[in-house]
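So the chains spell out like this:
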Number of protein chains: 2
Amino acid sequence: MDFKELKEFLETHDDYLILTHRNPDGDTMGSGFALWNILKGMGKRARVVNNEPFSPRYDFLYEGYTETEFEPRTVIAVDVADKKLLGENLTEYEDRVDVCIDHHISNKAYAKQSIVDGNASSATLVLYRFIKEQGIPLNDIIAKCIYTGLATDTGCFKFSNTIPEAHIAAAELMAYDIDFVNVNRRMFDIKSKGRMIVESAVTNEMEHYFGGKCTMICVTRALIEKTGVDIAEFDGLASIPLQVQGAVIGVTLREHRDREGFKLSVRTTEEADASAFCRQFGGGGHIRAAGCEIEGGLEEVKAKVLKAVGEMLGE
Amino acid sequence: MDFKELKEFLETHDDYLILTHRNPDGDTMGSGFALWNILKGMGKRARVVNNEPFSPRYDFLYEGYTETEFEPRTVIAVDVADKKLLGENLTEYEDRVDVCIDHHISNKAYAKQSIVDGNASSATLVLYRFIKEQGIPLNDIIAKCIYTGLATDTGCFKFSNTIPEAHIAAAELMAYDIDFVNVNRRMFDIKSKGRMIVESAVTNEMEHYFGGKCTMICVTRALIEKTGVDIAEFDGLASIPLQVQGAVIGVTLREHRDREGFKLSVRTTEEADASAFCRQFGGGGHIRAAGCEIEGGLEEVKAKVLKAVGEMLGE
């Protein structure tokens, strides 16, 4: 499907359900509400749904959003690479997706028709290209939605997926009232009180090996209990160990909830290969970010990991 | 002085000393080494100096930089708003600055000639405008220097000083080998082990008042001693309290080193006025970031602050 066909599709259908992925982020939410506003501009009925209720974290994207009751007749998924990512509350739509708009090269092509551009920094950038190519009217809220997805998925223009076009789009979107300072504050700076406690606790217990080249945090069940913070706040800690100056490999050990053993998340600088490291434990991933599982108690697992790190560093 | 005059000046002088400001950041360093490379391209002799020896933090900007001995005959300051910011080791040049290239609206006009554009996001953006307007040859290292200043001073395109032109420049600079992922990792993600300990310690002791609307950290002499970390690592903590979800005013109390009393740094969201808050204690600043000093012991100072916060919040 190309952008011209997408425009024709949107114009000739109605009563849209817009599906976003579970554990929503700024890109799936930004795409969803950008599309909702585009459809509204075309005089169509639409509703955005997620596996969970909308979080107040994204309430600046819901500006002007209103829900009306109707039986969905057209289903569009945005930023959803795999139908399994819709979540358990949206399984009824898994095989009913008419169009998928996405930027994941790994997209499973589960929809009847797809527009997937793995070269776009965000799903909202795919939508922005559509808007520009097909002359869809842009306004403040659509611009804010597009910018939010772009900023979220590029880590505010920091990650390697930031293409020049992402910066050009940001510059153009700033002609609208997108309040990017506030968007970025919400997306990147603000943390829950629980998350602050968790980050403080794991940093506090961070271990340093091989003259600081290896840093490690151990998220044990005991640590989780000690903090008294909701377990959801313990996700996404794997980038912390590599923030320490001099670290080449950052390892996060996360104890299984219900059995002995640990999940390892490994992050490396350009001086080490995370994927090769994890393969020796039966895992894998990317060159800078990979994972695996290791059976055993804490001290045993740590010994295994440190032996492998020592060999990798030649120490 | 305009860009045409600057080009003529650079072409008709030689033996340059390029001054950067003390406590150097990516913008003053990026400007300094960009200018060094521009002068080198013109066949000129130049040297970049700072109050302290260059930090390894910025070593990617020193690529190809070599120092030769010569008696400076021309002095240029970059990103230095006030001659006092040169530092105690460069006082001999305070009144010898021939040209100042800067972007601070508060620039003190201490140089014989100045190019100051308060509308530029960074001093390197002023240099980039000069390069484009006057057809100065651009290369990988100059592009990396310009990008580094731009990213540093805008908080990687997050702060309100990010103008559309900053994004456009970033997009253009990406045509060169600037390795922006590595630049941003070094500028924003990597922290010293000591800094990690400090952030963990203050977060750990963060206090929450008025249902979380006010967050406070107290950097006492006792806390500094307890961590055993170099005192320099305790600078720039004031943004931490406002990172907590729900916080409207974030207060950082820093105990004086040599006498009773505290320095307050206040940060607010759009719901409160930091400047007005600090004025009642004889301080001042900007609407979102201000400061003041309060005499007294810790509990006494906290009580005064919390009383004022309660009044401001109407609680």
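The text that follows walks through the structure, step by step, so that each part is easy to find. All figures in this text were calculated on a predicted structure; none of them were measured in a lab.

1. A word on helix 10 (residues 298-313) of chain A
Given 3.6 residues to a turn, an α-helix orients residues that are three or four positions apart in the same direction. Residue and element names in this part refer to chain A. Here helix 10 contains 16 residues, and its C-alpha end-to-end distance of 22 Å stays within 8% of the 22 Å for a straight helix at 1.5 Å per residue. Buried residues of helix 10: Val301, Lys302, Val305, Leu306, Ala308, Val309, Gly310 and Leu313, and no others. On the buried face of helix 10, the contacting elements are strand 6 (207-209), strand 7 (214-219), strand 8 (249-255), strand 9 (262-268), helix 9 (274-279) and strand 11 (289-294). Remark: glycine 314 follows helix 10 within two positions and exhibits a positive phi of approximately 70 degrees.

2. Considering the pattern of salt bridges
When charged atoms on two side chains of opposite charge get close, those side chains can pair. All names here are of chain A. Evaluation of the coordinates by the stated rule reveals 48 salt bridges over all chains. Salt-bridge contacts for arginine 45 lead to aspartate 15; the nearest nitrogen and oxygen are separated by 2.9 Å. Here the residue arginine 45 occupies a position in the loop between helix 2 (26-41) and strand 2 (46-49), and aspartate 15 occupies one in the loop between helix 1 (3-12) and strand 1 (16-19), the gap between them amounting to 30 residues. The class of aspartate 15 is buried, set by a relative accessible area of 5%. With a shortest N-O distance of 3.5 Å, arginine 259 and glutamate 293 are connected by a salt bridge. With arginine 259 in the loop between strand 8 and strand 9 and glutamate 293 in strand 11, this pair connects stretches of sequence that are 34 residues apart. Linked through salt bridges whose partners overlap, the residues forming this network are Asp15, Arg45 and Arg73.

3. Some details on the packing of helix 2 of chain A against helix 3 (residues 123-134) of chain A
For any two helices packed against each other, one specifies the crossing angle of their axes together with the interaxial distance. All names here are of chain A. Relative orientation of the contacting elements helix 2 and helix 3 amounts to 25 degrees, with a least axis distance of 8 Å. Between helix 2 and helix 3, the crossing angle belongs to the class labelled roughly parallel. Where helix 2 abuts helix 3, its residues Asp27, Gly30, Ser31, Ala34, Leu35 and Ile38 lie against Ala123, Thr124, Leu127 and Ile131. Partitioning the contact of helix 2 with helix 3 into residue classes produces 6 nonpolar, 3 polar and 1 charged.

4. Details of the interface of chain A and chain B
Across the contact, 39 residues belong to chain A and 39 residues belong to chain B. Buried surface at the junction of chain A and chain B, both sides included, amounts to about 3300 Å², of which 61% is carbon and sulfur. In this structure, the connection of chain A to chain B is made through 2 salt bridges. A salt bridge links B:Lys158 to A:Asp189; the shortest N-O distance between them is 3.0 Å. Looking at the side of chain A that touches chain B, the elements that each hand over two or more residues are helix 5 (164-173), helix 6 (180-189) and helix 7 (193-204) of chain A. In terms of residue count, helix 6 of chain A provides more of the side of chain A that touches chain B than any other element does, 7 residues in total. The class makeup of the residues in the side of chain A that touches chain B is 20 nonpolar, 13 polar and 6 charged.

5. Here's the deal with the sheet that holds strand 2 of chain A
Residues and elements named next belong to chain A. Across the sheet, which stays open at both edges, the 5 strands sit in the order 2-1-3-4-5 with parallel pairing between neighbours. Either end of the sheet is taken by a strand with one partner, and the two such strands are strand 2 and strand 5 (113-116). The mean angle between the axes of side-by-side strands here comes to 15 degrees, regardless of whether they run parallel or antiparallel. Where strand 1 lies against strand 2, 4 bridges are found, and the strand directions are parallel. Bridge assignment links leucine 19 to a residue of strand 2, and that residue is valine 49.

6. With respect to the side chain of B:Thr269
Its place among the elements puts B:Thr269 in the loop between strand 9 (262-268) and helix 9 (274-279). Judged by its relative accessible area of 6%, B:Thr269 falls in the buried class. If we ignore the near neighbours within four places in the chain, the residues touching B:Thr269 are A:Arg185, B:Leu242, B:Ala247, B:Val248 and B:Arg288.

Scoring rules and cut-offs
- Residues numbered from 1 in each chain as written.
- Chains lettered and ligands numbered in written order.
- Predicted model: local features only at pLDDT ≥ 70, side-chain atom pairs only at ≥ 80, totals over all residues.
- Heavy atoms only, no water.
- Helix = DSSP H or I, 4+ residues; strand = E, 2+ residues; numbered from the N terminus.
- Expected span 1.5 Å × (residues − 1).
- Buried < 20%, exposed > 50% of the residue type's maximum accessible area, 1.4 Å probe, protein only.
- Contact = heavy atoms within 4.5 Å.
- Salt bridge = Lys/Arg side-chain N within 4 Å of Asp/Glu carboxyl O.
- Axes fitted to C-alpha atoms, helices over the stretch in contact; angles between N-to-C directions.
- Parallel < 35°, antiparallel > 145°, perpendicular 65-115°, else oblique.
- Nonpolar A, V, L, I, M, F, W, Y, C, P; charged D, E, K, R; others polar.
- Buried area = accessible area lost by both parts, 1.4 Å probe.
- Pairing = 2+ DSSP bridges.

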